[in-house]
Amino acid sequence: MGKLRYLARVISGVRFDKLNRVLEKVKEKSGQSKVYTFFDILLCAAKYGSGYYDYLMFGFYDMNGRQRDTYLTRVRNKRVQDMMNDPAFSDEFDDKLRFNETFADYLGRKTLNGETATEAEFAEFLQGQEAIFAKINHGDCGRGVEKLYGKDFDSPAAMLDYIRQKRLVVLEHALPQHPDMARLHPASVNSMRILTDLVDGQVHIAYITVKMGRGGGVCDNSGQGGILCRVDPETGKICSPATDDYFNVYERHPDTGIELPGYQLPMVDEAIAMAKKAALVFPKVGHVGWDIAITPTGPAIIEGNDFPGTDLCQLAPFYPEKCGLWPYYKQLLGIR
């Protein structure tokens, strides 16, 4: 009955414009008819708890049932989330102002609360800074992030007024990047998403994804036009081509021309060590995706995501072996 209820929710909650785009993209990639794909999506929803976006981004159109059954679908991900994360602590991550206070020792930069800062405190915060990052609180996917330059405002007071009008109250100094991270796309702070799972006092690494900006944009999020690659945690090298939110695939960065598969990222071991240490701060939140930048002197946490989702880790170009993360979580959590 549970699967039938989920199937009914999938059907009732369908956004037909988005579903049609998925059907069109699957047809473009595989030649599969839209009618066949629609009913196959329903079958996968019933058997594996997947949504129509799962079907496309994982590449279910090019898999058999055994391969599909290895993927951490939206329903399975919710089960992992419920087992590992106590919702009473979710605001420790969703509230960026609170997060910056708690994890101040991991951030590698100064931050300021734009809601409560005085003009004098803000002016002091700006000293020596060509630009700062300003974010809305409780934002996600890179939405509500601006890079603000002091030269564009008449005074610190005018800049603070703008910040408060736009509610961009999470203020942070810009991080310098390690040259090997900046080479990928100099305009954005490129970061690694490192997923930690804390079980019985031990921190496990589920995956690492590197996120890069595009087109001169300041955000590395794919939702803001960025691209993503899979990273081998053992070697710290990129081990897949890149993809974006439109399912384009790139062997080289489309702006900088850097060849991506085989590219050595700097200080990956140090970033993993930082993520593992941060994962112990709130043991009741065991499943966290940490976005970590690499500065010339070491890693720095950008933010922690207590609902990291499944899209950054199982995109079809990342796993030509067509094996997802569900076996890992079944073994880790003793799920039958």
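Note that this is a predicted model, so its numbers are computed, not measured.

Enquirer: Break down the sheet that holds strand S3 (residues 145–149) for me, citing the residues and quoting the values.
Expert: The 4 strands lie next to each other as S1-S4-S2-S3, forming an open sheet whose pairing is antiparallel. Bordering the open sheet on either side are strand S1 (111–113) and S3, each of which pairs with just one other strand. Strand-to-strand, the axes of this sheet are offset by a mean angle of 25°, without reference to chain direction. As judged from the 4 bridges shared by strand S2 (residues 131–135) and strand S4 (residues 170–173), these two strands associate in the antiparallel manner. The residue bridging Ile132 from the neighbouring strand is His173, located in S4. Sitting on the sheet, helix H11 (residues 156–166) is in contact with S2, S3 and S4, with an inclination near 170° to S3.

Enquirer: A description of empty space enclosed by the protein should follow, citing residues and the corresponding values.
Expert: Under the definition given, this model contains 3 cavities of 30 Å³ or more. Within this model, the second largest cavity holds a volume of roughly 60 Å³. Taken together, Tyr53, Met57, Ser222, Leu228, Asp244, Asp245, Phe247, Asp311, Leu312 and Leu315 make up the full set of residues lining the second largest cavity. The residue inventory of the lining of the second largest cavity, partitioned by class, reads 6 nonpolar, 1 polar and 3 charged.

Enquirer: Outline the environment of Gln67, supporting the account with residue identities and numerical values.
Expert: Its location among the elements puts Gln67 in helix H5 (residues 65–68). Look past the residues within four positions of Gln67 in its chain and what remains in contact with it is Asp62 and Lys322.

Enquirer: Give me the lowdown on the environment of Arg79, citing residues and values where you can.
Expert: Among the secondary structure elements, Arg79 is positioned in helix H6 (residues 74–84). What makes Arg79 partly exposed here is its relative accessible area of 41%. Separated by 256 residues in the primary sequence, Arg79 and Ile335 place their C-alpha atoms 9.8 Å from one another. Excluding anything up to four places from it in sequence, Arg79 contacts Trp326, Ile335 and Arg336.

Enquirer: Would you mind going over the state of the cysteines in detail, with residue names and values included?
Expert: Counting across every chain of the model gives 0 disulfides. Cys44 forms no disulfide, and the closest cysteine sulfur to it belongs to Cys323, at a distance of 16 Å. Cys44 gets classed as buried once you look at its relative accessible area, which sits at 0%. Of all cysteine sulfurs, the one in Cys229 lies closest to Cys239, which takes part in no disulfide; the gap is 8.7 Å. By relative accessible area, Cys239 is classed as partly exposed at 37%.

Enquirer: Explain the packing of aromatic side chains residue by residue, including any values.
Expert: Geometry of an aromatic ring pair is reported as the spacing of the ring centres plus the angle between the planes. Under the counting rule described, the total for this entry stands at 19 aromatic pairs. Here the aromatic rings of Tyr48 and Phe60 are separated by 6.2 Å at their centres, their planes lie at 75°, and the arrangement is edge-to-face. In this pair, Tyr48 is assigned in helix H3 (residues 34–48) and Phe60 in the loop between helix H4 (52–58) and H5, connecting sequence segments 12 residues apart. You can call Tyr48 buried: its relative accessible area is 7%. Ring geometry for Tyr328 and Tyr329: centres 4.6 Å apart, planes at 80°, overall edge-to-face. What makes Tyr329 buried here is its relative accessible area of 1%. Among the aromatic side chains, those forming a connected cluster through ring pairs are Phe89, Phe93, Phe99, Phe103, Tyr106, Phe282 and Trp290. A cation over a ring is seen here: Lys18 above Tyr53, with NZ or CZ 4.8 Å from the ring centre. It is Lys151 that lies over the ring of Tyr149; its NZ or CZ is 5.3 Å from the centre.

Enquirer: Please give an account of the side chain of Lys25 that cites residues and values.
Expert: On the secondary structure map, Lys25 appears in helix H2 (residues 16–30). Look at Lys25 and you get buried, because its relative accessible area is 18%. The residues contacting Lys25, other than those within four sequence positions of it, are Leu56, Tyr246 and Phe247.

Conventions adopted
Residues numbered from 1 in each chain as written. Predicted model: local features only at pLDDT ≥ 70, side-chain atom pairs only at ≥ 80, totals over all residues. Heavy atoms only, no water. Pairing = 2+ DSSP bridges. Helix = DSSP H or I, 4+ residues; strand = E, 2+ residues; numbered from the N terminus. Axes fitted to C-alpha atoms, helices over the stretch in contact; angles between N-to-C directions. Contact = heavy atoms within 4.5 Å. 1 Å grid on protein atoms, 1.4 Å probe; cavity = no way out; pocket = protein on both sides within 12 Å on 5 of 7 lines; lining within 4 Å. Points joined across faces, edges and corners; volume = space filled by probe spheres on them. Nonpolar A, V, L, I, M, F, W, Y, C, P; charged D, E, K, R; others polar. Buried < 20%, exposed > 50% of the residue type's maximum accessible area, 1.4 Å probe, protein only. Disulfide = S-S within 2.5 Å. Phe/Tyr/Trp six-rings, centres within 6.5 Å; stacked < 30°, edge-to-face > 60°. Lys NZ or Arg CZ within 6 Å of the ring centre and 35° of its normal.

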